[in-house]
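# Inside the fold
Each chain, written out:
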Amino acid sequence: MKTAKGPLPTLAEFRAVAHPEGLLDRRSGEHWAGRIYMRRISSRVTRHLVYAPVTPNQLTWLMMLTGILGGAALLIPGIWGAVLGALLIQVYLGLDCVDGELARWRKQTSTTGVYLDRVGHYLSEAALLTGFGLRATDVFQQVGSRAWLWAFLGTLAALGAILIKAETDLVDVARIRRGLTAVDDAASVPRAAGVAKARKLASTLNFHRLIGGVEASLFILAAGIADAVHGGLFFSRLAVVVLAAIALLQTVLHLLSIVLSSRLR
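Residues numbered from 1 in each chain as written. Predicted model: local features only at pLDDT ≥ 70, side-chain atom pairs only at ≥ 80, totals over all residues. Heavy atoms only, no water.

## Section: the overall build of the protein
We apply this condition: A helix here means a DSSP run of H or I that spans at least four residues, while a strand means a run of E at least two residues long, and both kinds are numbered starting from the N terminus. Burial status follows relative accessibility: with a 1.4 Å probe on protein chains alone, a residue under 20% of its type maximum counts as buried, one over 50% as exposed, and anything between as partly exposed. The contact rule is simple, with two residues in contact once any of their heavy atoms fall within 4.5 Å.
Regarding its fold elements, the protein presents nine helices and zero strands. Along its sequence from the N terminus, the protein presents helices and strands in the succession α-α-α-α-α-α-α-α-α. Counting every position in the protein, which comprises 265 residues, the buried fraction comes to 41%. Taking contacts inside the protein between residues at least 6 apart in sequence as the whole, the part at least 24 apart equals 81%.

## A short note on the nonpolar core
Let me state the cut-off plainly: The criterion is simple. A nonpolar core is a set of buried Ala, Val, Leu, Ile, Met, Phe, Trp, Tyr and Cys residues joined through side-chain atoms within 4.5 Å.
By size, the foremost hydrophobic cluster in this structure holds 36 residues, and its most contacted members are Leu59, Leu128, Leu129, Phe132, Ala157, Ile211 and Leu243. Counting only elements with at least two residues in this core, the list comes to α2 (32–46), α3 (56–73), α4 (79–106), α5 (111–137), α6 (149–177), α8 (213–230) and α9 (234–259).

## Brief notes about the side chain of Glu215
With respect to the helices, strands and loops of the structure, Glu215 is situated in helix α8. Using a relative accessible area of 11% as the deciding quantity, one classes Glu215 as buried. Among all residues touching Glu215, those that are not within four sequence positions of it are His31, Trp32, Arg209 and Leu210.

## Looking at α3
Test applied: The span expected for a helix works out to 1.5 Å for each residue beyond the first.
Between its terminal C-alpha atoms α3 stretches 25 Å, which fits the 26 Å expected from 18 residues at 1.5 Å a residue. Within the span of α3, buried status applies to Pro56, Leu59, Thr60, Met63, Met64, Thr66, Gly67, Gly70, Gly71 and Ala73. Structurally, α3 contributes buried residues whose contacts are with α4 and α5.

## What about the packing of aromatic side chains?
Note the following rule: Centre distance within 6.5 Å is the pairing criterion for rings of Phe, Tyr and Trp, where only the six-membered ring of Trp is used; planes under 30 degrees apart are then read as stacked, over 60 as edge-to-face, and the remainder as tilted.
Scanning all chains against the criterion turns up two aromatic pairs. Judged by centre distance (5.1 Å) and plane angle (85°), the rings of Phe234 and Phe235 are edge-to-face.

## A short note on the packing of helix α1 (residues 11–18) against α4
Helix packing geometry: the angle between the two helix axes and the distance between the axes. Definition in use: Under this scheme, a helix contributes an axis fitted over its contacting stretch, all axes are lines through C-alpha atoms, and angles between N-to-C directions fall in the 0 to 180 degree range. Should an angle fall under 35 degrees it is taken as roughly parallel, and over 145 as roughly antiparallel, whereas 65 to 115 is taken as roughly perpendicular and any remaining angle as oblique.
Where α1 meets α4, the closest approach of the two axes is 8 Å, and the angle between their N-to-C directions is 95°. As summarised for this structure, α1 and α4 are arranged roughly perpendicular, according to the angle between their axes. Each of Glu13, Phe14, Val17 and Ala18 in α1 lies in contact with α4, whose residues at this interface are Glu101, Arg104 and Trp105.

## Details of the packing of α5 against α6
Heads up, the condition is: A crossing counts as left-handed when the near helix is turned anticlockwise from the far one by less than a right angle, and as right-handed when that turn is clockwise.
Across the interface, α5 lies against α6 with an axial gap of 6 Å and an inter-helix angle of 165°. As far as their axial angle goes, α6 and α5 are roughly antiparallel. Handedness of the crossing formed by α5 with α6: right-handed. Seen from α5, the contacting residues are Arg118, His121, Tyr122, Glu125, Ala126, Leu129, Thr130, Gly133, Leu134, Ala136 and Thr137; seen from α6, they are Trp150, Ala151, Gly154, Thr155, Ala157, Ala158, Ala161, Ile162, Lys165, Ala166 and Asp169.

## Some remarks on α4
For α4, spanning 28 residues, the distance from its first C-alpha to its last is 41 Å, which sits close to the expected 40 Å at 1.5 Å a residue. Within two residues after α4, Lys107 carries a phi angle of roughly 60°, on the positive side.

## Section: the environment of Gly133
Assignment of secondary structure puts Gly133 in helix α5. With a relative accessible area of 0%, Gly133 lands in the buried category. Here the alpha-carbon distance between Gly133 and Ala151, two residues 18 residues apart in the chain, equals 4.1 Å.

Next comes the structure, spelled out in structure tokens:
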């Protein structure tokens with residue numbers, strides 16, 4: 001890809017374009033880690049890529065690969081597998097910021113880019129949770145049918161994470177097929193008062209965030225550290241049970257929240 005080269009934009013100039021007003025305040029679109037630290041880091045990196053022979057979509061493919069490798073890294077026994085997995089998820093998060101920033105600066109945003117970004121999140125979070133289930137199984141050491149219980153629970157957590165994202169994305173699919181516009185944040189509040197209160201409580205506790213890529217990788221790292229101190233895989237297996245339970249509960253609650261809100265109207 002050829003680009004006309006010139007002086008690099010200053011950090012302030014770059015952020016004015018790459019971080020448009022409201023980007024960091026999006027209720028459902030910006031991760032807390034992006035607001036707190038990753039956008040500060042990513043903008044400094046992306047600024048130096050404005051003339052690089054790389055496209056935003058190529059960076060999205062790299063994001064996807066990094067996220068999947070984060071799940072695969074968990075198969076490495078011991079604490080270093082958990083450490084590597086957490087580090088790769090941080091790189092994945094950084095690339096998730098960089099591809100969009102570069103696209104906005106170059107005015108190369110596209111439907112393909114949005115689609116690849118969503119697929120990348122699906123695959124990466126599923127790979128992480130599936131990899132954690134295999135880690136808890138101690139796949140290279142254990143034999144017998146009971147050992148695979150942990151792999152099953154990890155896969156169950158991964159399925160829940162995918163379904164939750166699909167439930168959200170399918171709202172816009174359903175609306176657009178009816179000729180409506182995409183949903184706004186205000187419509188996400190359930191109409192029933194009881195459900196609205198339950199949703200607010202869940203949002204306050206934020207327990208559902210544990211199955212997200214960044215949060216899950218840190219939770220997995222904490223379990224790996226506890227296992228290294230305690231010995232064995234007790235804490236990793238306990239963590240798999242917790243993640244699977246949260247994924248199943250959140251899948252049902254999220255579906256009810258959508259159906260009982262104004263998003264489908």
